[in-house]
Amino acid sequence: MWSGQPHPDEGHPPPLEAVPVPWKSVGPCRSHRESPGGLAESPGGEEAQGEEGPAAAQLDVLRLRSSSMEIREKGSEFLKDELHKAQKELKLKDEECERLSKVREQLERELEELTASLFEEAHRMVREANMKQAASEKQLKEARGKIDMLQAEVTALKTLVLTSTPASPNRELHPQLLSPSKAGPRKGHLRHKSTSSTLCPAVCPAAGHTLTPDKEGKEVDTTLFAEFQAWRESPTLDKTCPFLERVYQEDVGPCLDFTMQELSALVRAAVEDNTLTIEPVAAQTPPTVKVATVECGSTNTCALSGLARACRHRIRLGDSESHYYISPSSRARITAVCNFFTYIRYIQQGLVRQEAEPMFWEIMRLRKEMSLAKLGFFPQEA
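Conventions and cut-offs
Along each chain, numbering runs from 1 in the same order as the chain's sequence is written. Since the coordinates come from a predicted model, pLDDT governs what is reported: local features require at least 70, and pairs of side-chain atoms require 80 or more to be given and counted, while whole-chain, interface and lining totals use all residues. Water and hydrogen atoms were dropped before computing side-chain values, which therefore reflect all heavy atoms in the structure. Here an axis means a line fitted to C-alpha atoms, over the contact stretch when the element is a helix, while the angle between two N-to-C directions is reported on a 0 to 180 degree scale. Here a strand is any run of E in DSSP of at least two residues, a helix any run of H or I of at least four, and the numbering for each starts at the N terminus. Working rule for angles: under 35 degrees goes down as roughly parallel, over 145 as roughly antiparallel, 65 to 115 as roughly perpendicular, anything else as oblique. Any pair of residues with heavy atoms lying within 4.5 Å of one another is described as a contacting pair. Any residue outside Ala, Val, Leu, Ile, Met, Phe, Trp, Tyr, Cys, Pro, Asp, Glu, Lys and Arg is labelled polar, Gly included; the first ten of those are nonpolar and the last four are charged. Buried means the residue's accessible area, taken with a 1.4 Å probe over protein chains only, is under 20% of the maximum for its type, while exposed means over 50%, and partly exposed covers the values in between. Between any two strands, at least two bridges found by DSSP are needed for them to pair. Just to be clear on terms, a salt bridge is a Lys or Arg side-chain nitrogen sitting within 4 Å of an Asp or Glu carboxyl oxygen. Confidence of the predictor at the level of single residues is given by pLDDT, which spans 0 to 100. Helix span is expected to be 1.5 Å times the residue number reduced by one. Polar contact criterion, stated in full: a pair of N or O atoms within 3.5 Å, where within protein one must be able to donate a hydrogen and the other to accept it, and residues adjacent in sequence count only if both atoms are side-chain atoms. Nonpolar side chains (Val, Leu, Ile, Met, Phe, Trp, Tyr) within 5 Å and like charges within 9 Å form the patches, drawn only from residues with over 30% relative accessible area and no salt bridge. Shrake-Rupley sampling with a 1.4 Å probe provides the accessible areas, and residues are treated as covered by the protein chains on show and by no other component. Charge counting follows a simple rule: Lys and Arg are positive, Asp and Glu are negative, and His as well as the terminal groups are ignored. A single reference atom marks each charge: NZ on Lys, CZ on Arg, CG on Asp, CD on Glu.

Peer 1: Please clarify how the packing of helix α5 (residues 242–255) against helix α8 (residues 356–374) should be interpreted in this entry.
Peer 2: The angle between the axes and the distance between the axes are what describe a pair of packed helices. Direction vectors running N to C along α5 and α8 enclose 30°, while the axes themselves pass 8 Å from each other. The angle between the axes of α5 and α8 places the two elements in the roughly parallel class. Taking contact as the criterion, the partners of Phe243, Arg246, Val247, Glu250, Asp251, Val252, Pro254 and Cys255 in α5 are, on α8, Ile363, Arg367, Met370, Ser371, Ala373 and Lys374. Across the contact of α5 with α8, the residue classes tally to eight nonpolar, one polar and five charged.

Dropping the structure here:
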């Protein structure tokens, strides 16, 4: 049987007095409206109304609970929908951020590549400009050297012309002064040759024409002349060609072989590169340089031979600021080798306008000077 106040252990809601309800039961209000004089009703009706009051209140509570559950469910569904929408928006924003980050990385890579290419192009242009400048400076230096050589040739020719006087004419410049047997027939302009062309003939098989020794008794070595002819066709300063290899082995090497081997190698390299400078020495020049544990800065000690000699000249290698004092004998040996290299450089550059035979005898004369210098013979003015 149902009771008006259920037990709390049964899970039912508390009694009506414990639940605040802002409105009253629908039944009594409706009865009051329909019969305003309902106060005169029978006591039996009041008892029935008293029995239906708790049931109506419990029904109202259940309705409230069900409506609150519906509100919660709808609220949770609404919140879930909003959460899904927010998640979708966040996902779209993450994708957009990822895309923008990729675009930024791509732009950064392109910028780095562009910067690297610009720097590489700038370095290449600078390198090419430096190479062109170096080539221009080299050409300018060579041009100046050629001008100096041409000026020296002109000076030598002027000197040669001035030495021809009526009292002592230069027979090279005036071939008409030669005897008819030596001068031979002339038609038009004749090429001036050296005096070796007036000597008795000697056949050179390698050259294919007749070679003539001069009146001093010289005779052309056919092997040497053949090597010189082969070198003259394509002049070079390469040591490996037979002509220069022989000269290096027989003359240049022994002539520049001094006691101080280290300095001798430096002098030889400077002579080959045409960077050796020989200067006269003042008597008051103080000693400044030591070479191979021997005092070579003194004007009383030769830096190449290490012997006590009066040194009136000193040498400088390339752009170095060091000077080495040398004796007259050492200077004569170096000068002889320098004269040989100067002449073959003239031939290589096309400055010597002579036939093969006069050029060959000039080279033999220079080799003779090297041979005499290495044996200790040198002019007193050296």
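Peer 1: Is there a simple way to think about the pairing of strand β6 (residues 313–317) in this case?
Peer 2: Along a regular strand, successive side chains alternate from one face of the sheet to the other. Taking every second residue as pointing to the same face, the buried face of β6 carries His313, Ile315 and Leu317, while none of Arg314 and Arg316 on the other face is buried. Pairing of strand β3 (residues 276–280) with β6 involves five bridges; the strand directions are antiparallel. Paired with Leu276 across the strands is Leu317, a residue of β6. Pairing of β6 with strand β7 (residues 324–326) involves three bridges; the strand directions are antiparallel. When the sheet's bridge partners are listed, Arg314 is paired in β7 with Tyr325.

Peer 1: Even after reading the chapter, I still don't get the pattern of salt bridges, so can you show me in this structure?
Peer 2: Any two side chains of opposite charge can pair, on the condition that their charged atoms come close. One pass over the structure, following the stated rule, counts 14 salt bridges. Among the ionic pairs, Glu128 bridges to Arg124, the shortest N-O distance being 2.6 Å. Residue Glu128 and its partner Arg124 are both found in helix α2 (residues 43–162); the two are separated by four residues, about one turn of the helix. Since its relative accessible area comes to 31%, Arg124 is described here as partly exposed. Connected through salt bridges with shared partners, the residues Glu227, Arg246, Glu250, Asp251 and Arg367 form a single ionic network.

Peer 1: What should I look at first to understand the confidence of the model for the protein chain in this one?
Peer 2: Detail in the predicted coordinates should be disregarded across regions flagged by low pLDDT. For the protein chain, the average pLDDT comes to 75, and 66% of its residues sit at 70 or higher. Under a pLDDT of 50 for its full length, residues 164–168 has, in the predicted model, five contacts with residues more than four places off or in other chains. Across residues 284–296 the pLDDT falls below 50, and counting only partners more than four positions away or on other chains, this stretch makes 29 contacts in the model.

Peer 1: Please explain helix α6 (residues 261–273) as it appears in this structure.
Peer 2: The α-helix winds at 3.6 residues per turn, so residues separated by three or four positions along the chain end up facing the same way. For α6, built from 13 residues, the straight-helix expectation of 18 Å at 1.5 Å per residue is met to within 8% by its first-to-last C-alpha distance of 18 Å. Burial in α6 covers these residues: Leu263, Ser264, Val267, Ala270, Val271 and Glu272. Immediately beyond the C-terminal end of α6, within one or two residues, lies Asn274, with a positive phi of roughly 60°.

Peer 1: Sorry, what's going on with helix α4 (residues 222–233) here?
Peer 2: In this model, α4 (12 residues) spans 17 Å end to end at C-alpha, consistent with the 16 Å of a helix rising 1.5 Å per residue. Turning to α4, its buried residues are Leu224, Phe225, Glu227, Phe228, Gln229 and Trp231. The N-terminus of α4 is capped by Asp221, whose side-chain oxygen sits 2.9 Å from the backbone nitrogen of Thr223.

Peer 1: Help me out: how do you make sense of unusual backbone geometry in this one?
Peer 2: Only a minority of non-glycine residues have a phi that is not negative, and only a minority of peptide bonds are not trans. Despite not being glycine, Asn274 has its phi angle at roughly 60°, a positive value. Here Asn274 lies in the loop between α6 and β3.

Peer 1: Before we go on, may I ask you to explain a negative patch on the surface in this structure?
Peer 2: Together, Glu70, Glu73, Glu77, Asp81, Glu82 and Glu89 line one region of the surface with negative charge. Among the secondary structure elements, Asp81 is positioned in helix α2. Given a relative accessible area of 44%, Asp81 falls into the partly exposed group.

Peer 1: Any chance you could explain the sheet that holds β7 here in plain terms?
Peer 2: In a beta sheet, neighbouring strands pair by backbone hydrogen bonds and run either parallel or antiparallel. Strand order in this open sheet of three strands is β3-β6-β7, and the pairing throughout is antiparallel. Here the strands that pair on one side only, and so sit at the sheet edges, are β3 and β7. Along the sheet, successive strands turn relative to each other by an average axial angle of 35°, direction set aside. α6 contacts β3, β6 and β7 of the sheet and is inclined by roughly 75° relative to β6.

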